[in-house]
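# A closer look at the structure
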Amino acid sequence: MEMMEVAVSVKHALLALLCGGPSTTYQLKKDFDRTTNQTWPVNIGQVSTTLQRLVRDGLVAGSDEPEDPGTSEWYLTDAGREEVARWWASPVSRERRGRDELVVKLALAVHVPGVDIAAVVQRQRSAMHQMLHDVTRARRTVDPGDLAARLVLDNHIFATEAELRWLDVVEAEVARAGRATATRGPVPAGGQTATDQATVEVAR
């Protein structure tokens, strides 16, 4: 199954994992991958760098000794416990999830001359149907007792289904904008074209 790239707070994930007690860099990476069903895998360098930043910010203490990095443990400070408590208590807003590349890509496609928007949408739809198939198949094989994996995969299924519906809307809006352009003809200087309007609609 192809892994989905999403904005994940590795910082807060590591703090949350350390709530269970001290852990090594390697074990934190392993626990992160296992908890997310390896959907958003992190490399050991990313975990190590994030831990160093958490130490700098006073949220984590410990040291990764060069001579034996695999056994050195990290643990939460009082400030780290307060930070992860704030994270649990705070809802996640869409604005903090980062830019959605697909939205930006399609907004640019309707704005840049010469792009075959229908082909872009169709390729995306085909890829998402394949992803939906793979994720659904993976969901069927998950251990019923593995609640974390079930929640992660269910999220992928619902999100992919929603994006497929959105692609249908994009395709319809672009087709309607194209028909409107053909009906009205050239737009006077300074006016707003149907493509410009479609860009606004897609970007919303």
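### Side note on the packing of helix α1 (residues 10–18) against helix α2 (residues 25–35)
Interaxial distance between α1 and α2 falls to 10 Å at its minimum, and their mutual angle equals 105°. On the basis of the axis angle, α1 is roughly perpendicular to α2. Only Leu-28, Asp-31, Phe-32 and Thr-35 of α2 make contact with α1, whose side of the interface consists of Ala-13, Leu-14, Leu-17 and Leu-18. Classifying every residue of the contact of α1 with α2 gives six nonpolar, one polar and one charged.

### A closer look at the packing of α1 against helix α4 (residues 78–89)
Running from amino to carboxyl end, α1 crosses α4 at an angle of 110°, the nearest separation of the two axes being 9 Å. By the angle between their axes, α1 is roughly perpendicular relative to α4. The chirality of how α1 crosses α4 is left-handed. Note on element contacts: α4 touches α1 through Glu-83, Val-84, Trp-87 and Trp-88, opposite Lys-11, His-12, Ala-13, Leu-15 and Ala-16. The residue inventory of the contact of α1 with α4, partitioned by class, reads six nonpolar, one polar and two charged.

### Some thoughts on the pairing of strand β3 (residues 73–76)
The alternating pattern of β3 places Trp-74 and Leu-76 on a buried face and Glu-73 and Tyr-75 on a face that is not buried. Where strand β1 (residues 23–24) and β3 come together, two bridges link them in antiparallel fashion. Paired with Ser-23 across the strands is Trp-74, a residue of β3. For strand β2 (residues 60–62) and β3, the ladder comprises three bridges, and the chain directions are antiparallel. Residue pairing across strands places Val-60 opposite Leu-76, the latter belonging to β3.

### A closer look at the sheet that holds β1
As summarised here, the arrangement of the three strands in space is β1-β3-β2, forming an open sheet in which the pairing is antiparallel. Each edge of the open sheet is held by one strand with a lone partner, namely β1 and β2. The sheet contacts of α1 involve β1, β2 and β3, and relative to β3 the element is tilted by about 90°.

### Details of the pattern of salt bridges
Under the defined criterion, the tally for this structure stands at 10 salt bridges. Among the salt bridges present, the one from Asp-134 reaches Arg-137, with a minimum N-O distance of 3.5 Å. On the criterion of helical spacing, the pair formed by Asp-134 and Arg-137 is a turn pair, its members being three residues apart in helix α6 (residues 117–141). Linked through salt bridges whose partners overlap, the residues forming this network are Arg-125, Asp-168 and Glu-171.

### Side note on the environment of Val-121
One can find Val-121 in helix α6. Judged by relative accessible area, which is 1%, Val-121 ranks as buried. Residues within four places of Val-121 in sequence aside, it is in contact with Leu-106, Leu-167, Val-170 and Glu-171.

### Some words on the nonpolar core
Counting residues in each nonpolar core, the largest one holds 20 residues, and the members touching the most others are Leu-106, Ile-117, Val-121 and Leu-167. Sorting the residues of this core by element identifies α5 (101–109), α6 and α7 (147–184) as the ones contributing at least two each. Here this core gets eight residues from one element, more than from any other, and that element is α6.

### A few points about α4
Helix length check: α4, at 12 residues, gives a terminal C-alpha distance of 17 Å against a target of 16 Å (1.5 Å per residue), a fit within 8%. Restricting attention to buried positions, one finds in α4 the residues Gly-80, Glu-83 and Val-84. With its buried residues spanning 95° around the axis, α4 presents them on a single face. Residues of α4 that are exposed and point more than 90 degrees away from the buried face comprise Asp-78 and Ala-89.

Calculation criteria
- Positions within a chain are numbered from 1, following the residues in the order the chain's sequence is written.
- The predicted origin of the model limits local features to residues at a pLDDT of at least 70 and limits the giving and counting of side-chain atom pairs to 80 or more, whereas totals for whole chains, interfaces and linings rest on all residues.
- Only hydrogens and water are set aside; all other atoms, that is, all heavy atoms of the structure, feed into the side-chain values.
- Here an angle of 0 to 180 degrees is reported between the N-to-C directions of two axes, which are lines fitted to C-alpha atoms, with helices fitted over the stretch in contact.
- Strands here mean DSSP runs of E at least two residues long; helices mean DSSP runs of H or I at least four residues long; both are numbered from the N terminus.
- Here roughly perpendicular refers to angles of 65 to 115 degrees, roughly parallel to angles under 35, roughly antiparallel to angles over 145, and oblique to all remaining angles.
- We call two residues contacting when some pair of their heavy atoms lies within 4.5 Å.
- Put simply, Ala, Val, Leu, Ile, Met, Phe, Trp, Tyr, Cys and Pro go in the nonpolar bin, Asp, Glu, Lys and Arg in the charged bin, and everything else, Gly too, in the polar bin.
- For any pair of crossing helices, the crossing counts as left-handed if the nearer helix is rotated counterclockwise from the farther one by less than a right angle, and right-handed if it is rotated clockwise.
- Think of it in three bands: residues with accessible area under 20% of the maximum for their type are buried, residues over 50% are exposed, and the middle band is partly exposed, with areas taken using a 1.4 Å probe on protein chains only.
- We call two strands paired when DSSP finds no fewer than two bridges between them.
- Here, a salt bridge means any Lys or Arg side-chain nitrogen found within 4 Å of an Asp or Glu carboxyl oxygen.
- Nonpolar core, defined: a set of buried Ala, Val, Leu, Ile, Met, Phe, Trp, Tyr and Cys residues in which side-chain atoms within 4.5 Å join the residues together.
- Each helix should span, by expectation, one fewer than its residue count multiplied by 1.5 Å.
- Picture the helix axis, draw a direction to every C-beta atom, and the arc is the one those directions span.

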